[in-house]
Amino acid sequence: MQKSLHLDPNKCTGCLQCEMACAWENHRSFTIAKSRIKVFTFHHEGRFVPYTCTQCDEAWCMTACPVDAIRLDPVTGAKIVLEPTCVGCKVCTIACPFGTINYVASTGKVQKCDLCGGEPACAKACPTGAITYVDADWTGLGKMRQWAGKTDTNPATV
Amino acid sequence: MAWTKNVLRVNLEAGTCTTEPLNLQWAQDYLGQRGLATKYLVSEIDPKVDPFSPKNKLIFVTGPLTGTMAATGGRYSVVTKGPLTGAIACSNSGGYFGAELKFAGWDMVIFEGASPKPVYLLINDGQAELVDASHLWGKTVWETEEIIKTQLQDPQIRVASIGRAGENRVLYAAIVNDLHRAAGRSGVGAVMGSKSLKAVAVRGTRTDAYAPANPEAFFAATEAGKKVLAANGVTGQGLPTYGTQVLMNVINELGALPTRNHREVQFEGAHDISGEAMHEKRPTDGKTNLVTNGACFGCTIACGRISRMDPGHFSVKDKPQYHGASGGVEYEAAWALGAANGVNDLEALTYANFLCNEDGFDPITFGATVGAAMELYEMGVLTEQEVGFKLPFGSTEAMVKLAELTARGEGFGKVMGLGSKRLCTKYGHPELSMTVKSQEFPAYDGRALQGMGLAYATNNRGACHLRGYMVSPEVLGIPVKMEPQATEGKPAMLKAFQDLTAVVDSAGICLFTTFAWGLQDIQPQIQAACEGDWSEERLLLVGERIWNLEREFNLAAGFTKKDDNLPPRLLKEPAQTGPQKGAVSKLDVMLPEYYQLRGWTPEGVPTAETRKRLGV
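Model, not experiment: these values are computed from the prediction.

1. Some remarks on the overall build of chain A
Stage number 1. Helices and strands together make up the secondary structure of chain A, namely 5 helices and 8 strands.
Stage number 2. For chain A, the succession of helices and strands along the chain, N to C, is β-α-β-β-α-β-β-α-β-β-α-β-α.
Stage number 3. Counting the 158 residues in chain A, one finds 42% classified as buried.
Stage number 4. Of all intrachain contacts in chain A linking residues separated by at least 6 positions in sequence, the fraction that spans at least 24 positions is 52%.
Stage number 5. Carbon and sulfur atoms make up 55% of the accessible area of chain A, which amounts to about 8800 Å² in all.

See the structure below:
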């Protein structure tokens, strides 16, 4: 079964444990500037929204890369940056419609979410279940259940 | 190592920024944050200095767990000599600013001198410079943050700033970061204003500045800690759902909710301004005051309130800038802006709270000062002519008006900006100021809860609830249940709480963790993050050392035993209603025992033996 990161902004509190976990996993540092997942605060709406790469099936970053430095991980479905091959041309950052692949000046390479090889650190660190790693075919299951719960099948209460 | 080992020293007079290594011996003796900055301050300033003199210093400081995955590891403190009290001032804030300072590679920033013109400090990792802030002077906290981010074209920069209250030297001005988190009490923002320092803006991207000493043990300890917080009724359920506002109805029913300048101990409008009410749909627009809860950096509790006002409310009707969501009332603010002056309009409280965040002033001292002014008005001492409008208890319009005037430093707001001690003294009734060391009580009556009364009287930064929260045992039964009116065992429990709190405040984590965490949960996290052996015994000794260092500073500043006191109202006027009816504070019974347990003389001075034992 392929799994996918499922982001639920309604559960996010903006604590940034996910960003620290990502930075630690990839840079051995808690500095969230290096995180591949970002939580955006829409202050005047009172909303916190976690956002990262959704691993497009037809990945434009991968198509755009002139040196084939972005490869598919057949097990997880993640599109992975091969650092030794990446030349830092940043064409992928232009190709990506969502902004989730970014250049890292200190390494001269790009970075993006690689699903941590199938055990995403952000999902593990999230204290509220706003980030989960679930069956890729059923990311809508939670919402379906929520709405299903609102249907009234007991005529006696009508 | 969990410290970055770098201190940034900013001379505002000369306009210079220099780097110096952290005094590692002091880090071993005082841990970080509150303790460490206090050690620096005490070593560098004359305790008798005028808080607004350029010779006073202002320190922004993080702890070893700040900017780590330890739950709530995002705290920083501001330490200085406070203008409201004249005592040591140490105000603690959350939000995202503290962690960013650490990411940039700094444990501490020490400001000395005063700038000849308005400036702000811009920190970009190892680079620090003072930038002209003439265009920011006169702006609010909210405007300042937006302008800095826009001008630098960097939405990820974190800003801590003062609003007009700090510029105007309101004696309880706060420093506000991330729009609605504040180093709130004792007037640290006014000291910042006196130095013409408008803001500190930080961007931190370093990956090599610090790391836990033992990562494996660190993750084991912090993950265990998070499980304890999640499983606890207060930190796992109560605080996320209701915030600290979970207390409003509880404290009122216990007869410990100071009302109308402490004339009463129960407020008939308590429910209207409670955490429960924030969840109820408004009859006016069918929406709730509360939009969601929010977390500070690294916090797995998420007690923060994000509120949206009724846009039709009289206070904001034609002011769209207040129609969006922002930081809502916490318990202390709701009490001060509401019960302390008899106002039960949640929307008005939310508006006043927005103003406190927007212009940077402490809602506790402000609200309590409103209550004192209202009592003077009802006595006929303060007149409508003097104030500019009617000021009876319960007047929502008056409370709101005073919040606006105080922020801008206009009209009667100037007098309000002095706090209740100076206001009541000015009008001939110092006894009506509900303060210790000139700082206002928070939301628990010191008669109804005997331990809180003792905590207020002995607090090094004046009356406050955050240095020995006896509400835990006296109301919540944490770690053991103590009867509110009992005095037995209270001095010993308070001493233990004060010392433990000093450790928590020095570590980089939030005090609210201690609803669930004991030292046995905190110690392994500090041990794994920091070099050296940090046993529970050693940590408590560090806490006691910090408490005594603060005490020594205050004694040298001129405070004596007579300042460890409560207003006559709490000592002589019995509580009139509720379960604590008839209660007055039995401070005289508890204080001598407290001094003795502290190893102080009957005059409240640490003995030579105590000084030697603690190395203070």
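Having put the structure on the table, let's press on.
2. Observations concerning a nonpolar patch on the surface
Stage number 1. A cluster of nonpolar side chains, contributed by Phe 40, Phe 42, Tyr 51 and Phe 98 of chain A, occupies part of the molecular surface with about 380 Å² of accessible area.
Stage number 2. Among the secondary structure elements, Tyr 51 of chain A is positioned in strand β3 (residues 47-51).

3. Focus: helix α15 (residues 396-408) of chain B
Structural remark: α-helix, 3.6 residues per turn; residues separated by three or four positions point the same way.
Residues and elements named next belong to chain B.
Stage number 1. Taking 1.5 Å of rise per residue, 13 residues should cover 18 Å, and α15 covers 19 Å from first to last C-alpha, within 8% of that figure.
Stage number 2. Along α15, 10 of the 13 residues are buried, which leaves the element largely enclosed by surrounding structure.
Stage number 3. Listing the buried residues of α15 in full gives Thr 396, Ala 398, Met 399, Val 400, Leu 402, Ala 403, Glu 404, Leu 405, Thr 406 and Ala 407.
Stage number 4. Taken together, the buried residues of α15 touch α5 (164-167), α11 (331-337), α12 (346-359), α13 (363-378) and α16 (413-416).

4. Points about the packing of aromatic side chains
Stage number 1. In total, this model carries 25 aromatic pairs over all chains according to the counting rule given.
Stage number 2. Seen from their ring centres, Tyr 331 of chain B and Tyr 444 of chain B are 5.5 Å apart, and the 55 degrees between their planes marks the pair as tilted. In this pair, Tyr 331 of chain B sits in helix α11 while Tyr 444 of chain B sits in the loop between β17 (439-440) and α18 (450-458), placing the two residues 113 residues apart along the sequence. Each member of the pair, Tyr 331 of chain B together with Tyr 444 of chain B, is buried.
Stage number 3. Taking the centre distance of 5.8 Å and the plane angle of 45 degrees together, the rings of Tyr 595 of chain B and Trp 600 of chain B count as tilted.
Stage number 4. Using a relative accessible area of 5% as the deciding quantity, one classes Trp 600 of chain B as buried.
Stage number 5. Counting every residue linked through ring pairs, the aromatic cluster contains Tyr 331, Tyr 444, Tyr 469, Phe 512 and Phe 515 of chain B.
Stage number 6. Taking the ring centre of Tyr 103 of chain A as reference, the NZ or CZ of Lys 90 of chain A above it sits at 4.3 Å.
Stage number 7. Above the ring of Phe 52 of chain B, the side-chain terminus of Arg 169 of chain B is found at 5.0 Å from the ring centroid.

5. Section: the confidence of the model for chain B
Stage number 1. Put simply, chain B has an average pLDDT of 98, and 100% of its residues get 70 or more.
Stage number 2. The ipTM value of the predicted complex is 0.96, and its pTM value is 0.97.

6. Some remarks on the sheet that holds strand β14 (residues 304-307) of chain B
Residues and elements named next belong to chain B.
Stage number 1. If you walk across this open sheet you meet the 3 strands as β13-β14-β15, and the pairing is antiparallel. Of all the strands in the sheet, just β13 (290-294) and β15 (326-327) have a single pairing partner and so form its edges.
Stage number 2. Across the sheet, helix α8 (residues 233-242) lies against β13 and β14, angled at about 25 degrees from β14, the strand it touches most.

7. Some remarks on the sheet that holds strand β2 (residues 16-21) of chain B
Residue and element names in this part refer to chain B.
Stage number 1. Strand order in the open sheet formed by 6 strands is β2-β1-β6-β3-β4-β5, and the pairing between neighbours is mixed. In this open sheet, the two strands that pair with only one neighbour each are β2 and β5 (88-93). Strand after strand, the sheet turns through a mean of 20 degrees between neighbouring axes, direction not considered.
Stage number 2. Inspection of the sheet shows strand β1 (residues 6-11) paired to strand β6 (residues 108-112) by 5 bridges, in the parallel sense. The residue of β6 that forms the bridge with Leu 8 is Val 109.
Stage number 3. Strands in contact with helix α2 (residues 33-44) are β1, β2, β3 (58-62), β4 (76-81), β5 and β6; relative to β4, the strand with the most contacts, it is inclined by about 25 degrees.

Conventions and cut-offs
Residues numbered from 1 in each chain as written. Chains lettered and ligands numbered in written order. Predicted model: local features only at pLDDT ≥ 70, side-chain atom pairs only at ≥ 80, totals over all residues. Heavy atoms only, no water. Helix = DSSP H or I, 4+ residues; strand = E, 2+ residues; numbered from the N terminus. Buried < 20%, exposed > 50% of the residue type's maximum accessible area, 1.4 Å probe, protein only. Contact = heavy atoms within 4.5 Å. Areas by Shrake-Rupley, 256 points an atom, 1.4 Å probe, with all protein chains shown as cover. Patch = residues over 30% accessible without salt bridge, like charges linked within 9 Å, V, L, I, M, F, W, Y side chains within 5 Å. Salt bridge = Lys/Arg side-chain N within 4 Å of Asp/Glu carboxyl O. Expected span 1.5 Å × (residues − 1). Phe/Tyr/Trp six-rings, centres within 6.5 Å; stacked < 30°, edge-to-face > 60°. Lys NZ or Arg CZ within 6 Å of the ring centre and 35° of its normal. pLDDT = per-residue confidence, 0-100. Pairing = 2+ DSSP bridges. Axes fitted to C-alpha atoms, helices over the stretch in contact; angles between N-to-C directions.

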